[in-house]
Amino acid sequence: MMLHALNEYYQRMVEDHDSRMPPYGTSIENISFALVLDEDGSVKAIEDLRELNGNKLHPRKMPVPAAEKKASGIKANFLWDATNYVLGFDDKGKQERADRCHEAFIEQLKKYCDVSDPGLKAVLKFLENGHSKDVANREDWPDICGSNLVFRLDGVPGFVHDRSAARESWSACLADKEQGNTSQCLITGRKRPIARLHPSIKGVRGAQSSGASIVSFNLSAFESYGKQQSFNAPISQEAAFSYTTALSSLLALDSRQKITIGDTTYVFWAKKAIEAEGFLADLFDPPSEDTQKPTEQDDQISTRNIHGLLKAISDGRKPSDFMPELNEDVSFYILGLAPNAARLSIRFWQETSLGELLETVGRHYRELNLVQQFDSEPEFPSLWRLLVQTATLGKSENISPVLAGGLTRAMLTGQPYPQNLLPVVLDRIRAEHNVTYFRAALLKAYLLRNTRMEEVPVSFDPERTDQPYLLGRLFAVIEKAQEEAVPGANATVKDRYLASAAATPSLVFHLLLKNQTNHIAKLRKDQEKKGRAVYLERLTQDIIGLFDNYPKTQSPEQQGLFMIGYYHQRKDFFTKKTQEG
Amino acid sequence: MAYGIKLRIWGDYACFTRPEMKVERVSYDVMTPSAARGILEAIHWKPAIRWVVDKIHVLRPIKFDNVRRNEVSSKIPKPNPVTAMRDKKPLYFLVDDGSNRQQRASTLLRDVEYVIEAHFELTDNAGNEDNEGKHLDIFRRRAKKGQFFHQPALGCREFPANFELLEDEMPTSCYAGQSKDLGYMLLDIDFANNMTPLFFRAQMEDGIITPPSPLAMEVHA
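The following refers to the structure shown. Since we're looking at a predicted model, the values are computed, not measured. (Residues numbered from 1 in each chain as written. Chains lettered and ligands numbered in written order. Predicted model: local features only at pLDDT ≥ 70, side-chain atom pairs only at ≥ 80, totals over all residues. Heavy atoms only, no water.)

Overview of the packing of aromatic side chains
At step 1: Under the criterion given, the structure shown has 21 aromatic pairs over all chains.
At step 2: Relative to F191 of chain B, the ring of Y225 of chain A has its centre 5.8 Å away and its plane inclined at 70°; by these criteria the two rings are edge-to-face. Residue Y225 of chain A is found in the loop between strand 10 (191-193) and helix 8 (237-251), and its partner F191 of chain B is found in the loop between strand 6 (179-190) and strand 7 (196-205); the two belong to separate chains.
At step 3: With relative accessibility at 41%, the residue Y225 of chain A sits in the partly exposed group.
At step 4: Aromatic pair F475 of chain A and F562 of chain A: ring centres 6.2 Å apart, planes at 55°, arrangement tilted. Of this pair, F475 of chain A sits in helix 17 (residues 467-485) while F562 of chain A is found in helix 21 (residues 556-573), placing the two residues 87 residues apart along the sequence.
At step 5: Judged by relative accessible area, which is 0%, F475 of chain A ranks as buried.
At step 6: In this structure F562 of chain A comes out as buried when scored by relative accessible area, which is 0%.
At step 7: Members of the aromatic cluster, each reached through a chain of ring pairs, are F475, F509, Y550, F562 and Y566 of chain A. (Phe/Tyr/Trp six-rings, centres within 6.5 Å; stacked < 30°, edge-to-face > 60°. Helix = DSSP H or I, 4+ residues; strand = E, 2+ residues; numbered from the N terminus. Buried < 20%, exposed > 50% of the residue type's maximum accessible area, 1.4 Å probe, protein only.)

Right, here's the structure in full:
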């Protein structure tokens, strides 16, 4: 399934020459410097390959002979490596180990390199004649030390490892490495040499920076039938390379096909090349229309497109109505990875068609749809914005990973929202005395999808007669009366009673209404505010008239509706009445 | 299909672990043929017979769920049972030690229901007293009464399987009328041949998977 789909994605991308997907036997690595050698092996110059990004120098990403999987052992890469291998000096002060690394590097080259090629000959001469000390004595050595180096022959374009003789040597070396266990590959089904270890996958947030593995057997309890390491799951070396390379390119720093929600990194791709691969990230995290800086024309158009698409799908229209060129039948894959003890665990995997996916995402936004408190708030809140509202102090690191995973799953699959969403949101409201737009939207979505509630209004609904909704409205009216009578009070009824009014109305409302009578009486004495007093009193009477008594307690679902009623009534106070009169 | 049987199996959880993701466990979409064989063998098996799974019917929709479990990180070292046997000492495995624990995530199946269609063949171990009718009757009787040698499980021991001998009509699958490619799936393990795993390309047609015989050429292709 997943590895299979990744393997297919790799095959597709390799055929597309613009994609710069590295061919089998190479990998994209971070390289900082090139040693420019003369034909006799002496160092002519050291070329800085790093690129300026912002105000920091970053190593260049370039294809080189595939990297060895390094742990604590000594394994040299072919014609490139860190300074301890290439020069025999490291930045950790472990000279004895550096010497052994250097020896391994030389030995490997000696074994496979054809000395008739001037490039390879120069490298061997450089290594044999001990020119590496020249480099260590240079002024810029502190910069170079510890970084990855490649070789270049002076006066010849390209790098030594790209020369055809070097490629031949590398494929001979690779063939030797591949030897061993042949078995049926569980990705391709063919009988091939099996990989003992799989290349590491970098770019998953929270995982080790040197990379982690999906397929790994790092403890004896994981092994079966007396098999060692990845022979427990026979995957051919070629397939192992393909799926890890494809995944790495999806996880690359500048990838448009990944997004991080909570502790999970999501990547997505389509079976065929389609436009939607590029903008799916925007569905998770819609760019805000208002804060859009007037940058590039392209950007603005795509933002408008995504909003149009979101609008269309959240209105329940077919996405192809908006984008006729959209192919809805294409298979779409979504993979969520999270680190767990040097391994990657599959948090989420879904195979769906683009049309289905857009429909479930549209449903999610439709259920969230709620009148905004302020105009600056996004019409289509991203998952991150929603999740932050459930976290202590509004900090990303306090987001519960279980909730984040559950919410993402609900958004992408149309399954119910996580059960703990409701209590978590109510808890935050209780703690912060604040019903924000995002929280109210989450409550609404939860009530619509997880409970039998058929309808929760998008905006203020004066006709609605559910008691929790009415109680919420009543609370907002009481708060409003206090606000106008005692402007700037230190602790308002909202700060003190919002949570208890929602949970135990019969205990709290009598007290609140008694206070409100005082507030309205105070307003009535003020000539200017007399009209307000009449209005608020009438509104209170109207709401109270719609129910008989105050319930002792309200269930979490009822409390959710209470908060929505409160939010709507409060929003209504601050909306200009244009149609009045 | 003279000696064929049909067994309906269902349970709340199932995890037919994919070999490539057996550390952070991820289940196959449906029951594997070797898991089906394991369930049949739990009910009745003798050296004289060999079960062959003909068809697996998937009745309920494929649904995934995530759990995390605390598991151990090491096995009992091989010499321990050997010395325990030799010296007649009790064999124990201490897992109180925190460093011997691993928290592992599992992506497993929820609410599964399958029907296994299978038959058995007599092996070289069959003696004069063995015949097909006898073993078929034994299996039928045991399955009807709910007897088993050990609790049949849905992939992992933690997920027990409920079972029932199916004698009525085949229930309809929720995947009727659809076809789905499930990718390469474990068929079985070739125990005679250095325990080599065998894979087959699983295709689900109308909710039915038809695994090839382990001896078929396509498996090794």
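With respect to the interface of chain B and chain A
At step 1: Contacts between the two partners involve 32 residues from chain B, matched on the other side by 35 residues from chain A.
At step 2: Both faces considered, chain B and chain A share a buried interface measuring about 3,000 Å² in area, 53% of it formed by carbon and sulfur atoms.
At step 3: Our enumeration of links across chain B and chain A arrives at 1 salt bridge.
At step 4: In this structure, the salt-bridge partner of R343 of chain A is E24 of chain B, at a minimum N-O distance of 2.8 Å.
At step 5: On inspection of chain B and its partner chain A, the count reaches 16 residue pairs in polar contact (both at pLDDT 80 or more).
At step 6: Contributing elements (two or more residues each) for the side of chain B that touches chain A: strand 3 (64-72), strand 4 (101-122), strand 6 and strand 7 of chain B. (Contact = heavy atoms within 4.5 Å. Buried area = accessible area lost by both parts, 1.4 Å probe. Salt bridge = Lys/Arg side-chain N within 4 Å of Asp/Glu carboxyl O. Polar contact = N/O pair within 3.5 Å; in protein donor to acceptor, adjacent residues only side chain to side chain.)

A few points about helix 7 (residues 164-178) of chain A
Residue and element names in this part refer to chain A.
At step 1: Taking 1.5 Å per residue, 15 residues should reach 21 Å; helix 7 reaches 21 Å between its end C-alpha atoms and fits that length.
At step 2: Here the buried face of helix 7 lies against strand 6 (60-65), helix 3 (95-112) and helix 4 (118-128).
At step 3: Of the residues one or two after helix 7, G180 is the one with positive phi, at around 135°. (Expected span 1.5 Å × (residues − 1).)

Some remarks on the side chain of T451 of chain A
Residue and element names in this part refer to chain A.
At step 1: Its place among the elements puts T451 in the loop between helix 16 (437-450) and helix 17.
At step 2: One polar contact links the side chain of T451 to the main-chain carbonyl oxygen of L447, over a distance of 2.6 Å.
At step 3: The contacts of T451, once residues within four sequence positions are left out, are Y446 and E557.

Remarks on the sheet that holds strand 8 (residues 148-153) of chain A
Residue and element names in this part refer to chain A.
At step 1: Pairing in this open sheet of 4 strands is mixed, and the strands run 3-2-8-7 from one edge to the other. In this open sheet, the two strands that pair with only one neighbour each are strand 3 (43-48) and strand 7 (80-82). Here the average twist between neighbouring strands, direction ignored, is 30°.
At step 2: As judged from the 5 bridges shared by strand 2 (residues 33-37) and strand 8, these two strands associate in the parallel manner. Paired with L37 across the bridge in strand 8 is L153.
At step 3: In the packing of helix 4 onto the sheet, the strands contacted are strand 2, strand 3 and strand 8, and the crossing angle to strand 8 comes to about 125°. (Pairing = 2+ DSSP bridges. Axes fitted to C-alpha atoms, helices over the stretch in contact; angles between N-to-C directions.)

Looking at unusual backbone geometry
At step 1: At L79 of chain A, a position not held by glycine, the phi torsion is positive, near 65°.
At step 2: Within the secondary structure, L79 of chain A sits in the loop between strand 6 and strand 7.
At step 3: For K88 of chain B, which is not a glycine, the phi torsion comes out positive at approximately 55°.
At step 4: Tracing the backbone through its elements, the reader meets K88 of chain B in the loop between helix 2 (79-87) and strand 4.
At step 5: Note on K88 of chain B: relative accessible area 73%, which makes it exposed.

Focus on the sheet that holds strand 11 (residues 258-261) of chain A
Sheet strands associate in pairs through backbone hydrogen bonding, adopting either a parallel or an antiparallel arrangement.
Residues and elements named next belong to chain A.
At step 1: The strand order 11-12-13-14 describes an open sheet built from 4 strands, whose pairing is antiparallel. This sheet does not close on itself; its edge strands, each paired only once, are strand 11 and strand 14 (343-353). With direction set aside, neighbouring strand axes in the sheet form an average angle of 20°.
At step 2: Sitting on the sheet, helix 12 (residues 354-368) touches strand 13 (331-340) and strand 14, and the angle it makes with strand 14 is about 105°.

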